[in-house]
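# A look at the structure
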Amino acid sequence: MLSNQFQNGIETAKLAWAPLPNTEDGEGDEVVGVSRKNDGDRVESLDYEVVENHAYREEQAQRGKLYVGYYVGVKWLFALLIGVGTGLAAVFINISVENFAGWKFSLTFSVIQKSYVAGFLLYILINLVLVFSSAFIITNFAPAAAGSGIPEIKGYLNGVDTHGILLFRTLIGKIFGSIGSVGGGLALGKEGPLVHTGACIASLLGQGGSTKYHLSSRWLQFFNSDRDRRDLVTCGCAAGVAAAFRAPVGGVLFALEEVTSWWRSQLMWRVFFTSAIVAVVVRTAMGWCKSGKCGHFGSGGFIIWDISGGQEDYSFEELLPMAVIGVIGGLLGALFNQLTRYITYWRRNYLHKKGNRFKIIEVCLISVITSVISFGLPLFRKCSPCPEADPNFPIECPRPPGMYGNYVNFFCGKDKEYNDLATIFFNTQDDAIRNLFSAKTIHEYSAQSLLTFLVMFYTLAVVTFGTAVPAGQFVPGIMIGSTYGRLVGMFVVSFYKKLNIEEGTYALLGAASFLGGSMRMTVSLCVIMVEITNNLKLLPLIMLVLLISKAVGDAFNEGLYEEQARLRGIPLLESRPKYEMRKMQAKEACRNQKVVYFPRVIKVADVVSSLKSNNHNGFPVIDHTRSGETLVIGLVLRSHLLVLLQSKVDFQHSPLPCDTGGGSLPIRHNLSEFVKPASSKGISIHDIHLGPDDLEMYIDLAPFVNRSPYIVPDDMSLTKGLYGPSEEMIPFAQVYNLFRQLGLRHIFVVPRASRVIGMITRKDLLIEETDDPATVELQSTSV
Ligand code: ATP
Ligand code: MG
């Protein structure tokens, strides 16, 4: 049974959209709706907002400058730890992948000296075992580690909590899963997963380790609000890219351009610092590995395709074919997004619903097909004689048996021959890309081989995307793009015979164009491409193709990560709202709901029944003035209510407010629990058991409500402006922008306020330096 007071709250809520009569003192605001993101109610949002309740205000009052210094210092320390952790994880993944791939190729090469069939079967088997191990880990241990993880992290930084993405088991699954899937030769890369790995490391550090696996430390448990973790996860994402490509600046820009929704200059410094640390860690590890301590790692190398020594200059005539590469990139990238969207949709709704067994069988089948294609197709190519070695660029052709790299001798009759298709197909991805980018080798690949590779690899990449293994799209994208880029390059080389043109340059531009056409990034991709190829001279050309490919791709569909986020039901708030929203007002977004309120002092039984009857996470709390007018005193979070119910400390017998009028509230509870929003994955209302006596008690919610919730008038437009009768735009504040730019979870919608008690302008926010900071005051002008 609801108490009378609570019933009143509900009754008032039924007045949705009916503006309350204006009150004398202007404080009679009635909440007519709670505006929030349209998420299909499946995922919950994060509380990035500061809960400005009594506890928070008390804590702020107690904190001195020393605390602030300590807080900032710990944030920097964490930025350092994230850099070291992600760098080491990247080195571990790379060493493992290179070694598995190295053993695989040397073993296969040594067996095919004796029997081709045995070599073929061995190759399939090794790939299958690696891929199976990856799929097994993902399906049985860490389902959230499947895919690249970038859409989910993007969602997290946009304010959406996807279950399990930042857990310790997800981190382990991601690391070991990517070793299996990349080492097993599937058409996917390890770069996206490294971004997710960096984010997991950051989040785990931020929460002080994993309590479930007893790997936590009290000393690390310093940051536990969503807001602090958001900053750390941003550092982790940048660290992931910096580690994957050894591109520290690219990492910072990737975080800024692609994954984050909010950015501050202080964060920029920390992210930059983390990326720099990653670069140092990776370089140190590579230096250590050079002396052969890391097995096959070092001969294959990290992801860096140094093409210095390639084309230094370009002529005006080349701009047209380069623009064509941009257009092809846009078209193929958009097609890739579309095809993966259809396949992912089908997979999620039909195949993957049948259970884990089907997921594993699917990946294993794709692994066998990939192995058969990469081993079988080069068999149909004729070998070519090795090119004449240029004294300035000595070429080792063919590679000695067991060594993989450029100019692979694969089923060639003679010694001084190589198989061009095997050079790209029957190789590690990093080596294949290095070979495709290679300069000073005119017509190393025949057009036929490049085309065959393009069609087959594109198809494999589309089919592999979305399977139950960790999968990144950067490397497949680079491989696809560099293939058609090199094809265009071959044509240009034969057409403009006199110019000093390198096919490798076109391969690089092709790679940039495909990534631009699919992922729709510009600045970060551009910097990443320059950093991985070490060739700054090509910067303007990369910018050109990226701009073209992004523009062409945008004409067809959204970027890969946005498409995938939508498919996964992650309600991302994009930087650009949908056009249809322009004509909507805040009250229309509330979907005619009846607001679930709490009165200030409420019976415990009413809180319990209300929490059981809905899944909302934020509730307006109302009070009544002495003259009987309704007053919105703030917002209370479900998580805080649960803490209150569980501890019972603040239960009282009297239905009267505990405020004695003196301002200080006699609170019995440990306030520190209410400074930050409790974790959304904590206890549930069904876990709390209260006796009949408890249910008859009351709680005064006043000390626990966020007294500064965001409140907008009901006719505020949702987005940029509202078109008036004459179709000209009337500028209004924008709910959408407030939500996105401030990272909000709830906004109250109220009828228009009736009175203005002050006006703050820019000048009021500039605090003058005085000797005593305590005397600093914000000025406001009364009207
Ligand atoms: P999120 O899901 O973003 O974490 P939430 O869980 O508080 O926030 P939901 O309950 O999932 O919000 O929102 C579902 C719908 O309920 C939305 O349309 C929202 O406007 C509405 N809603 C949210 N809170 C209340 C409330 N206190 N009273 C009435 N309707 C609400
Ligand atoms: Mg919800």
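Rules of the game
- Residues numbered from 1 in each chain as written.
- Chains lettered and ligands numbered in written order.
- Predicted model: local features only at pLDDT ≥ 70, side-chain atom pairs only at ≥ 80, totals over all residues.
- Heavy atoms only, no water.
- Helix = DSSP H or I, 4+ residues; strand = E, 2+ residues; numbered from the N terminus.
- Contact = heavy atoms within 4.5 Å.
- Areas by Shrake-Rupley, 256 points an atom, 1.4 Å probe, with all protein chains shown as cover.
- Phe/Tyr/Trp six-rings, centres within 6.5 Å; stacked < 30°, edge-to-face > 60°.
- Buried < 20%, exposed > 50% of the residue type's maximum accessible area, 1.4 Å probe, protein only.
- Salt bridge = Lys/Arg side-chain N within 4 Å of Asp/Glu carboxyl O.
- Pairing = 2+ DSSP bridges.
- Axes fitted to C-alpha atoms, helices over the stretch in contact; angles between N-to-C directions.
- Polar contact = N/O pair within 3.5 Å; in protein donor to acceptor, adjacent residues only side chain to side chain.
- Left-handed = near helix turned anticlockwise from the far one by under 90°.
- Nonpolar A, V, L, I, M, F, W, Y, C, P; charged D, E, K, R; others polar.
- Parallel < 35°, antiparallel > 145°, perpendicular 65-115°, else oblique.
- pLDDT = per-residue confidence, 0-100.
- Core = buried A, V, L, I, M, F, W, Y, C linked by side-chain atoms within 4.5 Å.
- Patch = residues over 30% accessible without salt bridge, like charges linked within 9 Å, V, L, I, M, F, W, Y side chains within 5 Å.
- Expected span 1.5 Å × (residues − 1).

### Focus on the overall build of the chain
Secondary structure summary: the chain contains 25 helices and 17 strands in total. For the chain, long-range pairs separated by at least 24 residues make up 79% of all intrachain contacts whose partners lie at least 6 apart in sequence. Carbon together with sulfur atoms contributes 60% to the accessible area of the chain, which is approximately 34600 Å² in total.

### Points about the packing of aromatic side chains
Per the stated rule, a full pass over the model turns up 24 aromatic pairs. Arranged with centres 6.2 Å apart and planes meeting at 40°, the rings of F105 and Y123 form a pair that is tilted. One end of the pair, F105, is in helix α3 (residues 65-112); the other, Y123, is in helix α4 (residues 116-140), with 18 residues separating them in the sequence. We classify F105 as buried; its relative accessible area is 2%. Where F453 meets F457, the ring centres are 5.1 Å apart and the plane angle is 15°; that geometry is what we call stacked. A residue pair is termed a helical-turn pair when its members lie 3 or 4 positions apart in one helix, as F453 and F457 do in helix α15 (residues 447-464) at four residues.

### Description of helix α20 (residues 560-567)
Counting buried residues along α20, six of its eight residues qualify, which places the element largely inside the surrounding structure. Directly beyond the C-terminal end of α20, a positive phi value near 75° is found at G569.

### Considering the pattern of salt bridges
All told, the structure shown has 24 salt bridges when counted by the stated rule. Among the ionic pairs, D700 bridges to R600, the shortest N-O distance being 2.9 Å. Of this pair, D700 sits in strand β13 (residues 698-700) while R600 sits in the loop between β8 (598-599) and β9 (601-603), and the two are 100 residues apart along the sequence. Of the two residues, D700 and R600, neither departs from the other in class, the shared state being buried. Within this structure, K75, D228, R230, D231 and R264 form a network of salt bridges that share partners.

### Some points on the environment of I137
Looking at where I137 falls in the secondary structure, it is placed in helix α4. Separated by 600 residues in the primary sequence, I137 and N737 have C-alpha atoms spaced 41 Å apart.

### A closer look at the sheet that holds β13
Strand pairing in a sheet takes place through backbone hydrogen bonds and is either antiparallel or parallel in direction. Strand order across the open sheet formed by three strands is β9-β13-β12, with antiparallel pairing between neighbours. Of all strands in the sheet, those with a lone pairing partner are β9 and β12 (651-652), marking the two edges. Relative to β13, β9 runs antiparallel, the two sharing three bridges. When the sheet's bridge partners are listed, K603 is paired in β13 with Y698. Each of β9, β12 and β13 is contacted by helix α22 (residues 604-613), which is oriented at about 75° to β9, the strand it contacts most.

### Some words on the side chain of R381
As for its placement among the helices and strands, R381 is situated in the loop between α12 (356-376) and β6 (384-385). Since its relative accessible area comes to 19%, R381 is described here as buried. Among the polar contacts listed, one links the side chain of R381 to the side chain of D420, at a separation of 3.5 Å. In contact with R381, not counting residues within four places along its chain, are N419, D420, L421, S446, Q448 and S449.

### Looking at the packing of α3 against helix α10 (residues 265-289)
Interhelical geometry of α3 versus α10 gives an angle of 35° and a closest axis separation of 8 Å. Where α3 crosses over α10, the two elements pack in a sense that is right-handed. Here K75, W76, A79, L80, I82, G83, V84, G87, L88, V91 and I95 of α3 come into contact with α10, specifically with W269, R270, F273, T274, I277, V278, V281, V282, A285 and C289. The residue makeup of the contact of α3 with α10, split by class, is 16 nonpolar, three polar and two charged.

### Examining the sheet that holds strand β11 (residues 630-637)
Strand order in the open sheet made by the three strands is β8-β10-β11, with mixed pairing throughout. Each of the sheet's edge strands pairs with one partner strand only, and the pair in question is β8 and β11. Across the sheet, helix α23 (residues 638-647) touches β8, β10 (618-624) and β11, and the angle it forms with β11 is around 80°.

### What about the packing of α12 against α15?
Across the interface, α12 lies against α15 with an axial gap of 11 Å and an inter-helix angle of 170°. Relative to α15, α12 is oriented roughly antiparallel. Only M456, L460, V463 and T464 of α15 make contact with α12, whose side of the interface consists of I366, I369, T370 and I373. Considering only residue class, the contact of α12 with α15 consists of six nonpolar, two polar and no charged.

### Some points on the confidence of the model for the chain
Looking at the chain, the pLDDT average stands at 82 and 81% of residues meet or exceed 70. When the criterion is pLDDT under 50, residues 1-29 qualifies, and its contacts beyond four places in sequence or with other chains add up to 52 contacts. Confidence over residues 36-41 falls short of pLDDT 50; this stretch has 14 contacts with residues more than four positions distant or in other chains. This complex was scored by the predictor with a pTM of 0.86 and an ipTM of 0.98.

### Some words on the nonpolar core
Counting 127 residues, the largest nonpolar core has F245, F474 and I542 as its most contacted members. Those residues in contact with I542 that sit more than four places away from it in its chain are L508, L509, A512, C526, M529 and V530.

### A word on the pairing of β10
Remember that side chains alternate between the two faces of the sheet whenever the strand is regular. The element β10 is extensively covered by neighbouring structure, given that five of its seven residues are classed as buried. Pairing between β8 and β10: two bridges, direction parallel. When the sheet's bridge partners are listed, F598 is paired in β10 with V621. Strand direction decides the pairing type here: β10 and β11, joined by seven bridges, are antiparallel. For G618, the partnering residue across the bridge sits in β11 and is L637. As consecutive antiparallel partners, β10 and β11 are separated by five residues, and within that stretch G628 has a phi angle of approximately 90°, a positive value.

### Quick look at a nonpolar patch on the surface
Together, L77, L80, L81, V84 and L88 make up an exposed nonpolar region whose accessible area comes to about 360 Å². Structurally, L81 can be placed in helix α3.

### Some words on helix α17 (residues 503-519)
Under the 1.5 Å per step criterion, the end-to-end length of α17 is 24 Å for 17 residues, consistent within 8% with the ideal 24 Å. Within α17, 17 of the 17 residues are buried, which leaves it mostly tucked inside the rest of the structure. Looking one or two places after α17, you find R520, whose phi comes out positive at around 65°.

### Structural notes on unusual backbone geometry
Trans peptide bonds make up the majority, and among non-glycine residues the majority have a negative phi. Phi at R246 takes a positive value of approximately 50°, unusual for a residue other than glycine. Within the secondary structure layout, R246 lies in the loop between α8 (226-245) and α9 (248-259). Unlike most non-glycine residues, R520 shows phi in positive territory, near 65°. Residue placement: R520 occurs in the loop between α17 and α18 (523-533).

### With respect to the environment of F495
As for its placement among the helices and strands, F495 is situated in helix α16 (residues 474-495). Sequence separation of F495 and L546 is 51 residues, and the distance between their C-alpha atoms is 24 Å.

### Considerations on the environment of L122
Relative to the assigned elements, L122 resides in helix α4. Its relative accessible area of 23% is what places L122 among the partly exposed residues. Along the chain, L122 and V111 lie 11 residues apart, while their C-alpha atoms are 8.3 Å from each other. What L122 contacts, discounting residues up to four positions off in sequence, is L107, T108 and V111.

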